[in-house]
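Per-entry structural report
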Amino acid sequence: MTTHAAPPPAPTDASAPPVLSVGFSERLPAGRTALFAVQHLLALTGIWVFPNVIGSALKLSSDQVALMIQACFLLTGLVTILQSSRVLKLPIVQGPTAAFMVAIISSGAAYGLGTAFGSMAIAGLVFMLLTIPLKRFGLFGHVSAFVSSPIVLGTLFVIIGAQLASIGAGGWFGTSGSPSYGVLALLVTVATGLIVLLCLVLGTGILKRGAVFWGIVGGSVVALLVGQWSFPDLSAASLVGAPHLLPYGFGVSLPVVVLMLVAFLQAGTESMGMYTMIASWGGETVDTARVNRGLFAEFTGTVLGALFGGIGTTSYPENAGIVRVSGVGSRFVTMTAGGIAVALAFFPPVSLFLAGISGPVLSAATTILFGIIAVSGIQMLAAVRWDDLNLAVGAVAFIVALGSQFIPTAISSALPSSVATVVTSPMMMGMFLLLGLHGAINHGVRPLLARRGHPRRLIAPIVTRTEGNTPA
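What counts and what doesn't
Residues numbered from 1 in each chain as written. Predicted model: local features only at pLDDT ≥ 70, side-chain atom pairs only at ≥ 80, totals over all residues. Heavy atoms only, no water. UniProt positions renumbered as here; feature names shortened; annotations may be inferred. Salt bridge = Lys/Arg side-chain N within 4 Å of Asp/Glu carboxyl O. Buried < 20%, exposed > 50% of the residue type's maximum accessible area, 1.4 Å probe, protein only. Helix = DSSP H or I, 4+ residues; strand = E, 2+ residues; numbered from the N terminus. Axes fitted to C-alpha atoms, helices over the stretch in contact; angles between N-to-C directions. Left-handed = near helix turned anticlockwise from the far one by under 90°. Contact = heavy atoms within 4.5 Å. Nonpolar A, V, L, I, M, F, W, Y, C, P; charged D, E, K, R; others polar. Core = buried A, V, L, I, M, F, W, Y, C linked by side-chain atoms within 4.5 Å. Patch = residues over 30% accessible without salt bridge, like charges linked within 9 Å, V, L, I, M, F, W, Y side chains within 5 Å. Areas by Shrake-Rupley, 256 points an atom, 1.4 Å probe, with all protein chains shown as cover. Phe/Tyr/Trp six-rings, centres within 6.5 Å; stacked < 30°, edge-to-face > 60°. Lys NZ or Arg CZ within 6 Å of the ring centre and 35° of its normal.

- With an unreviewed UniProt entry as reference, the protein chain is termed Solute carrier family 23 protein, source organism Gryllotalpicola kribbensis.
- Its UniProt record, at the heading Sequence similarities (unreviewed entry), says of the protein chain: "Belongs to the nucleobase:cation symporter-2 (NCS2) (TC 2.A.40) family."
- Per UniProt, the protein chain has the following entry under Subcellular location (unreviewed entry): "Membrane".

In structure tokens:
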């Protein structure tokens, strides 16, 4: 189950012997190619889970969610085909990432989805410029190193997990006033959560990697059996139809563009690690120019996908895991998976069906997902040396970002709308605080103290005073 919040796996030594039984440019028989391609698609639950989460958070209709799912199929498929064929020539599978999902929820609630996706497109153009395929590595590496500091991303993901908790928990009992509200809905929620956990803890292979998928399938069956869910009515949907251009309109807002820039940084940094790691499994190396080509294709795809309402992508670690465990590194397999995703984008009934998932089922699966996002942030924070300077960055950003959502309405309503939107959104407030404090303290104050000879201020951890305990 992917969150796309954790740091990318450490690259494998490219000089190590290849670990794949089927190389990148080898072909498999058509039947086996299709089988492994479907296996990759089962791990891409973000294509339809994330749009449903956005729909739940922003109170969208099933038709609106279905349009987003269509766009995600299209975006995922096109970028996966590009990476597997002409650009990277590696078995890379792209898919929607949680960073963009949360950015869309925060900005969509304040400015509307048209502005969220429009700002995503503008931010993507910025990163296309930073990764124009040239021999020298461009500015992306320097910007990424700053924003991808564990104290920045780690704290931000903890804030995101805390902000999203209400979305998952809010649907455990179903919708108030509906026949399914109450104990039976909670039964479906618990059953779904147990299936996801069992797959994670006891499952292996595709059962483990598709834990969210199998949990939703099993939870839907339980919901069907207890009368809490029925198949969506697809009779009014046309069998074939293209994704809609600008389905939510188009707008741009500077605070949202900055928010999307951070999401692009997270996605691009994760992809860089995936490129290097997967290439090493086939005995190849990925030079700077090749990395830039891959990132340029990823960002270009996200810009185009945003115009259709698609969620920004990154390289999925679950699919990299499938390649590693199966030993099948054929890029023609992932190319086929991308082709299937593109085909599904043109069948509206598929997207409408996925948009009609039972609310309690979705709430159970996403509750676990959001918990993993928060814990992945805690794992990143374990790499931080918690001296007093870093504590000033992380502690202040964390508590102020979460506390700002409780600012009295009388105060927030008196602020300019652009300011109120940032101040009352934990993710946006946390992002600006982390970038500002990290830059000012760790790249301003810390070097200044080092030059003035204050080593203890730079390395001494904060020790809590307790009775009978003397700080070091």
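With respect to the pattern of salt bridges
- The tally for this structure, following the rule as stated, stands at 2 salt bridges.
- In this structure, arginine 290 engages glutamate 284 in a salt bridge whose closest nitrogen and oxygen atoms are separated by 3.1 Å.
- Residue classification places glutamate 284 among the partly exposed positions, given a relative accessible area of 28%.
- For aspartate 387, the salt bridge is made with arginine 446, and the minimal N-O distance between the two is 2.8 Å. Here the residue aspartate 387 occupies a position in the loop between helix 16 (359–381) and helix 17 (388–403), and arginine 446 occupies one in helix 20 (residues 426–451), the gap between them amounting to 59 residues. Side by side, aspartate 387 and arginine 446 carry an identical accessibility label, which is buried.

Looking at the packing of helix 1 (residues 30–42) against helix 14 (residues 331–344)
- Where helix 1 meets helix 14, the closest approach of the two axes is 8 Å, and the angle between their N-to-C directions is 65°. Here helix 1 and helix 14 pass one another in a crossing that is right-handed. Between helix 1, through Thr33, Phe36, Ala37, His40 and Leu41, and helix 14, the contact on the second element is made entirely by Phe332, Val333, Thr334, Thr336, Ala337, Ile340 and Ala341.
- Taken together, the residues that form the contact of helix 1 with helix 14 break down as 8 nonpolar, 4 polar and no charged.

Things to note about the nonpolar core
- Core analysis: the biggest nonpolar cluster contains 111 residues, and Trp48, Ile54, Met101, Ile104, Leu113, Leu164 and Met260 have the highest contact counts within it.
- At 15 residues, helix 11 (residues 254–281) tops the list of elements feeding residues into this core.
- Here tryptophan 48 is in contact with Ile69, Phe213, Ile216, Leu354 and Ile357, once residues within four sequence places are set aside.
- Judged by nonpolar contacts, the second largest core, of 5 residues, contains Leu28, Phe36, Val328 and Val333.

Some points on a nonpolar patch on the surface
- A grouping of Ile122, Leu125, Leu245, Leu246, Phe250 and Val252 is seen on the molecular surface, where their side chains present a nonpolar patch of about 530 Å² in accessible area.
- Relative to the helices and strands, valine 252 resides in the loop between helix 10 (211–225) and helix 11.
- Using a relative accessible area of 46% as the deciding quantity, one classes valine 252 as partly exposed.

Topic: the side chain of threonine 155
- Topologically, threonine 155 is positioned in helix 7 (residues 150–169).
- Given the relative accessible area of 3%, threonine 155 is considered buried.
- Apart from the residues lying within four places of it in its own chain, the contact partners of threonine 155 are Pro150, Leu381, Gly394, Phe398 and Leu434.

Thoughts on the packing of aromatic side chains
- Tallied over the full model, the rule gives 10 aromatic pairs.
- Ring centres of tryptophan 48 and phenylalanine 213 lie 6.2 Å apart, and the angle between their planes is 80°; on these two criteria the pair is classed as edge-to-face. In this pair, tryptophan 48 is assigned in helix 2 (residues 46–58) and phenylalanine 213 in helix 10, connecting sequence segments 165 residues apart. Each member of the pair tryptophan 48 and phenylalanine 213 is classed as buried.
- Through a chain of ring-to-ring contacts, the aromatic side chains of Phe100, Phe127, Phe264 and Phe299 assemble into a single cluster.
- Just above the ring of phenylalanine 332 sits the side chain of arginine 27; from NZ or CZ to the centre is 3.9 Å.

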